[in-house]
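# Reading the structure
The chain contents come next:
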Amino acid sequence: MELWSRLIGECGQAGTVPLVLLHGFTQTNSSWSPLLGAIEHAAPGVGILVPDAPGHGGSATVEADLWETARMLSQLVQDRCDGAASWAGYSMGGRTALHVALAFPRQVERLVLISGTAGIDDPQEREARRRADNERAEAIEREGVDHFLTDWLSQPLFATLEPKRSDLQDRRQNTAAGLASSLRKAGAGAQGTLWPRLHELGGRSLPTLVIAGALDERYSAIARRLVAGIGQSAELYLVEGAGHACHLEKPEEVGGLIGEFCRRPQRLKRAPG
């Protein structure tokens, strides 16, 4: 099966590299809409490919783990853009982008990871998370999408995300079966750790921008670890006054960062620490 996607602008314009945007769990391609204006302003003419992840939106019936998702995305970019791209992913989308960068390095020109991680190191913790994800999947199937989204967005992780910026109406377009499948196949518990492989990205000097909300202490620490693991080709940017969904809380700032990074490969100012 193929992933549903939409292309904004045109791929292959002279002097531009297309940009692929990968959304997070319970979102769809439309979740990137608040950032598009800022991205296009910072990187005029860039073609933007925005797919729906397996189990989400127009890809609701697609079932795939993260490695298979990476393969499908690689084929999608080859078919629609005929070459390499810059890749930006938020949360689950960031984990997906890492898989693409490791499995299909020739198709990744630059990498942006927003509130992402390379996985759970400890096998016991990972197994506990896998069980928790399975329980969440059963809850979605039992109680429906609306009830689950209320619980999901009430987590402390999203405490700083204003309801008007939560794209709740768009999230409600997802199906219980699709979200449950995504958790079981592509949740953090189902993913193996990629931490030992981060040096491969630094080894080929892949320009990587790691973004996290400064108020999200857990993922700010993970972001610093990602930068350290990748090495000199990676840089850190902390979004002040924002939490886990920093791209939704500060869409103009984060969109501008993505566009600038994808247009000009030189380093942005590092966050302190």
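Let me sum up the structure you'll find in this document.

What counts, and at which threshold
- Residues numbered from 1 in each chain as written.
- Predicted model: local features only at pLDDT ≥ 70, side-chain atom pairs only at ≥ 80, totals over all residues.
- Heavy atoms only, no water.
- Pairing = 2+ DSSP bridges.
- Helix = DSSP H or I, 4+ residues; strand = E, 2+ residues; numbered from the N terminus.
- Axes fitted to C-alpha atoms, helices over the stretch in contact; angles between N-to-C directions.
- Contact = heavy atoms within 4.5 Å.
- Disulfide = S-S within 2.5 Å.
- Buried < 20%, exposed > 50% of the residue type's maximum accessible area, 1.4 Å probe, protein only.
- Right-handed = clockwise from strand over helix to strand, strands pointing away.

## So, the sheet that holds strand 5 (residues 108-114)
If you walk across this open sheet you meet the seven strands as 1-3-2-4-5-6-7, and the pairing is mixed. On the outer flanks of this sheet lie strand 1 (5-8) and strand 7 (234-239), each paired with one strand and no other. Averaged over all neighbouring strand pairs, the angle between strand axes comes to 20 degrees, with direction disregarded. Running at roughly 140 degrees to strand 3 (residues 48-51), helix 2 (residues 66-81) makes contact with strand 1, strand 2 (19-22), strand 3 and strand 4 (85-90) of the sheet. Packing against the sheet, helix 3 (residues 92-103) makes contact with strand 2, strand 4 and strand 5, and its axis sits at approximately 155 degrees to strand 5.

## Some details on the state of the cysteines
Under the counting rule described, the total for this entry stands at one disulfide. Through a disulfide, Cys11 is tied to Cys81; the S-S separation comes to 2.2 Å. One end of the pair, Cys11, is in the loop between strand 1 and strand 2; the other, Cys81, is in helix 2, with 70 residues separating them in the sequence. You can see Cys246 has no disulfide; the closest cysteine sulfur is in Cys262, sitting 15 Å from it.

## Here's the deal with the pairing of strand 2
The side chains of a regular strand alternate between the sheet's two faces. Across the two faces of strand 2 the burial is the same, with Leu19 and Leu21 and Val20 and Leu22 all buried. Handedness of the crossover joining strand 2 and strand 3 through helix 1 (residues 33-42) is recorded here as right-handed. Sheet topology note: the strand 2/strand 4 ladder contains four bridges and is parallel. Paired with Val20 across the strands is Trp87, a residue of strand 4.

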